[in-house]
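Structure at a glance
What follows is each chain in one-letter form.
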Amino acid sequence: MKSICLIIGAGAGIGGHVGKRFAREGYHVVLCRRSDADGLETLVKEIEGDGGSVEGRLLNIVDENAIEGLVLDIEKNTGPIEVVVHNIGAQIGNRRLTDTPLKTFELGWRLSCFSLFRLAYAVLPIMAERGKGTLLVTSSTASRRGNAGQHSHAAAMGGRRMLCQSLNAEFASQNVHVAHIIIDGAVDAPDTLGKMLGTEAFERLRQEIGREDGLMLPEHIADTYFHIAHQHRSVWTHELDLRSFSDEAWWNHAVSVKF
Ligand SMILES: NC(=O)c1ccc[n+]([C@@H]2O[C@H](COP(=O)([O-])OP(=O)(O)OC[C@H]3O[C@@H](n4cnc5c(N)ncnc54)[C@H](OP(=O)(O)O)[C@@H]3O)[C@@H](O)[C@H]2O)c1
């Protein structure tokens, strides 16, 4: 039986490329995304075309029982989940406090923080029982600092970072590895950044800095995910940050946001 890698949030950027990487290494990959059936089918076909083992599921993780049902179904009908990747963001662009409705703030928390709690609740005890497993959590600069216009995003991502540390404190000793991976920059991700900026602005960004590796390239981000999931436990990474060579680290970077 193949090892299973479950990816929650699999678009054409990080999620899809992490899926491709694990499939290339012999995993059976389960790709989940919310709404784009064609995009999901494209990813599945690409992985199958490469000889990989893959299946796709459409689900909205904020729906009641979506995550819990998915984990149970895979464990019961497909096999044990060895690696799970939580790859859901909650970026809504820069908004003043009073342009951030309560519902928007709450949804950001549900997407990026509560969904991780639910995923961990569903899968980590099973992994602990088996005595092994890995949870990789994609994160962002906002998990380290608040900023103008980032009320919802930074609060949700900061909470998620603390959750990762708490999960590690409980589960590392049971041979379950949790890693919080900070993506400190813009990713060449058409389904997320691309949709937020709009096609034209995203293509311009790709032309201007993408070719110079100023955009973080998800196929290379995926190498790090695979490496972390296969570290010897005497040297586990619990948190790391990645950024492009031409970008400034978040702690050096003065951001001035104009509303
Ligand atoms: N892109 C960036 O510039 C950037 C920068 C820093 C950090 N990050 C982090 O990177 C991660 C995302 O990776 P990515 O940007 O490369 O995107 P990606 O892997 O290309 O796509 C992520 C996918 O998540 C799915 N998703 C969103 N909400 C969902 C929900 N409620 N239920 C199920 N699926 C849902 C979307 O599916 P649908 O398209 O079907 O709706 C989307 O395609 C996030 O953790 C984010 O914080 C990204």
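What comes next concerns the included structure. These numbers come from a predicted model, not from an experiment.

Let's talk about the layout of surface pockets
- Size it by volume and the second largest pocket reaches roughly 200 Å³.
- Lining the second largest pocket are 13 residues, and of these Lys-132, Gly-133, Thr-134, Asn-175 and Ala-229 sit closest to its centre.
- Looking at the lining of the second largest pocket, the elements that each hand over two or more residues are strand E4 (81–86) and strand E5 (133–140).
- Its residues assigned to classes, the lining of the second largest pocket shows four nonpolar, six polar and three charged.

Some thoughts on the site of the ligand
- Around the ligand, a shell composed of 31 residues is seen, among which Gly-13, Ile-14, Gly-15, Asn-60 and Thr-192 lie nearest.
- Gly-11 is positioned with one of its backbone polar atoms (N or O) 3.2 Å from an oxygen atom of the ligand.
- Backbone polar atom of Gly-15 to an oxygen atom of the ligand: 2.7 Å apart, as the coordinates give it.
- Within the complex, the protein chains bury 92% of what would otherwise be the 900 Å² of accessible surface of the ligand.
- Listed by contribution, the elements that provide at least two residues to the shell around the ligand are helix H1 (14–24), E5 and helix H5 (151–171).
- Per-element tally for the shell around the ligand: the top contributor is E5, with three residues.

Definitions and cut-offs
- Residues numbered from 1 in each chain as written.
- Predicted model: local features only at pLDDT ≥ 70, side-chain atom pairs only at ≥ 80, totals over all residues.
- Heavy atoms only, no water.
- 1 Å grid on protein atoms, 1.4 Å probe; cavity = no way out; pocket = protein on both sides within 12 Å on 5 of 7 lines; lining within 4 Å.
- Points joined across faces, edges and corners; volume = space filled by probe spheres on them.
- Helix = DSSP H or I, 4+ residues; strand = E, 2+ residues; numbered from the N terminus.
- Nonpolar A, V, L, I, M, F, W, Y, C, P; charged D, E, K, R; others polar.
- Near = heavy atom within 4 Å.
- Polar contact = N/O pair within 3.5 Å; in protein donor to acceptor, adjacent residues only side chain to side chain.
- Areas by Shrake-Rupley, 256 points an atom, 1.4 Å probe, with all protein chains shown as cover.

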